[in-house]
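# Results of the structural survey
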Amino acid sequence: MPIATPPLSFPRLIAHRGLSARAPENTLTAVRAAHAAGIDWVELDVQRLGDGTPVIWHDRDVSRCSDGRGRLAAMDQAAARRLDTGAWFAPAFAGERMATLDAMLALLAELGMGVNLELKVNRGHDPVALAEAAVPAVMEALPYERRLVSSFDERALRVGRALAGPERLALGALFDRVPRDWQDRAEAVQAVSVHANWKPLRAERARAIKAAGHALVCYTANDPLAFAPRWDWGVDAVISDDPTRFDTAS
């Protein structure tokens, strides 16, 4: 069973990579947009540049969400700052820059927002170095009740847990299809929550997660009507590109 931890009240709605339906994902602007829309929590991805700087970014390379090309791990902060990370989404966002973790945490603290920070371990990246860089930073910037660190990578989660016990750091175990051994894997890192792709999730598995004492977070749902039956399974929170669509539907 998960051990007792300080209270962490999960928000019902979390903005995926900021309000990514309306602003370029994983940017300061996307987080401000979520705040302006009345969403209190955001889900964001963190990984490291080649010089070790933690940045808010999802992909292994920069081609999809910027005007540049190349692997993130081959860039230093100066090169990353030269990228336009907004114009790909819409001309109105031209000039947006890649956010460092420090800049993002400062904004979240200023706005009083919470974050589900995913340790994004892409191929060729070091999960240990990422966890060691990101976890202390988020713990220093935000109070316990406004932060959750999650990952698909069990090595990153183990390092996070080694850095801080469950009374100081809430961890979330991320899965696509929740495997049969989900409980052993979640409890190995004393995870407070299990995060599941909403589409393959089934009621029996959802209820088992809840019965074991874990919070259940589903990603990335953008159709409130299709998602609606899952609330009855005990889902605590949904991560959505546009969570405002759920306001009248959930």
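These numbers come from a predicted model, not from an experiment.

## Points about the packing of aromatic side chains
- One pass over the full model with this rule turns up 6 aromatic pairs.
- Both rings, one in Trp88 and one in Phe89, keep their centres 5.5 Å apart while their planes meet at 85°; by these two values the pair is edge-to-face.
- Under the relative-accessibility criterion, Trp88 is labelled partly exposed at 32%.
- Phe89 sits in the partly exposed class, given a relative accessible area of 28%.
- For the ring pair Phe227 and Trp231, a centre distance of 5.2 Å and an interplane angle of 80° mean the geometry is edge-to-face.
- A relative accessible area of 0% places Phe227 in the buried class.

## Here's the deal with the side chain of Asn116
- For Asn116, the location among the structural elements is in strand β4 (residues 114-119).
- You can call Asn116 buried: its relative accessible area is 1%.
- With residues up to four places along the chain from it excluded, the contact list for Asn116 reads Trp41, Val42, Glu43, Leu44, Leu148, Ser150, His195 and Ile239.

## Considering helix α1 (residues 28-36)
- Among all positions in α1, only Leu28, Ala30, Val31 and Ala34 are buried. Buried residues in α1, looked at end-on, bunch into an arc of 165°, giving them a common side.
- On its buried face, α1 is in contact with β1 (13-16), β2 (41-48) and α3 (101-111).
- Within two residues after α1, Gly38 carries a phi angle of roughly 85°, on the positive side.

## Re the side chain of Thr100
- One can find Thr100 in the loop between α2 (77-81) and α3.
- Within polar-contact distance, the side chain of Thr100 engages the backbone nitrogen of Ala103 at 3.1 Å.
- If we skip the residues at most four places from it in the chain, Thr100 touches Thr53, Pro54, Val55, Ile56 and Gln77.

## Looking at the packing of helix α4 (residues 127-141) against helix α5 (residues 154-163)
- Following both chains from N to C, one finds α4 and α5 inclined at 45°, their axes separated by 8 Å at the closest point. By the angle between their directions, the pair α4 and α5 is classed as oblique. Handedness of the α4/α5 crossing: right-handed. Across the interface between the two elements, Pro127, Val128, Ala131, Glu132, Val135 and Pro136 of α4 pack against Arg155, Ala156, Val159, Gly160 and Leu163 of α5.
- When its residues are assigned to classes, the contact of α4 with α5 shows 8 nonpolar, 1 polar and 2 charged.

## Concerning the environment of Val189
- By secondary structure assignment, the location of Val189 is in the loop between α6 (182-188) and β7 (193-197).
- Judged by its relative accessible area of 2%, Val189 is buried.
- On a C-alpha basis, the gap between Val189 and Lys210 in space is 17 Å, while along the polypeptide they are 21 residues apart.
- For Val189, the contacting residues outside a window of four places in its chain are Leu157, Arg158, Arg161 and Leu171.

## Describing the packing of α1 against α3
- At their nearest, the axes of α1 and α3 sit 10 Å apart, and the two run at 15° to each other. By the angle between their directions, the pair α1 and α3 is classed as roughly parallel. Relative to α3, the crossing made by α1 is right-handed. Contacts between α1 and α3 involve Leu28, Val31, Arg32 and His35 from the former and Ala103, Met104, Leu107, Leu108 and Leu111 from the latter.
- By residue class, the composition of the contact of α1 with α3 is 7 nonpolar, 1 polar and 1 charged.

## Some thoughts on helix α7 (residues 203-211)
- Listed in full, the buried residues belonging to α7 are Ala203, Ala206 and Ile209. Take α7 and look down its axis: the buried residues cluster within an arc of 125°, on one side only. Seen from the buried face of α7, the exposed residues on the opposite side, beyond 90 degrees, are Glu204 and Ala211.
- Buried residues belonging to α7 abut α6, β7 and β8 (215-219).
- Just beyond α7, the residue with positive phi is Gly213, at close to 95°.

The rules behind these values
- Residues numbered from 1 in each chain as written.
- Predicted model: local features only at pLDDT ≥ 70, side-chain atom pairs only at ≥ 80, totals over all residues.
- Heavy atoms only, no water.
- Phe/Tyr/Trp six-rings, centres within 6.5 Å; stacked < 30°, edge-to-face > 60°.
- Buried < 20%, exposed > 50% of the residue type's maximum accessible area, 1.4 Å probe, protein only.
- Helix = DSSP H or I, 4+ residues; strand = E, 2+ residues; numbered from the N terminus.
- Contact = heavy atoms within 4.5 Å.
- Arc of directions from axis to C-beta.
- Polar contact = N/O pair within 3.5 Å; in protein donor to acceptor, adjacent residues only side chain to side chain.
- Axes fitted to C-alpha atoms, helices over the stretch in contact; angles between N-to-C directions.
- Parallel < 35°, antiparallel > 145°, perpendicular 65-115°, else oblique.
- Left-handed = near helix turned anticlockwise from the far one by under 90°.
- Nonpolar A, V, L, I, M, F, W, Y, C, P; charged D, E, K, R; others polar.

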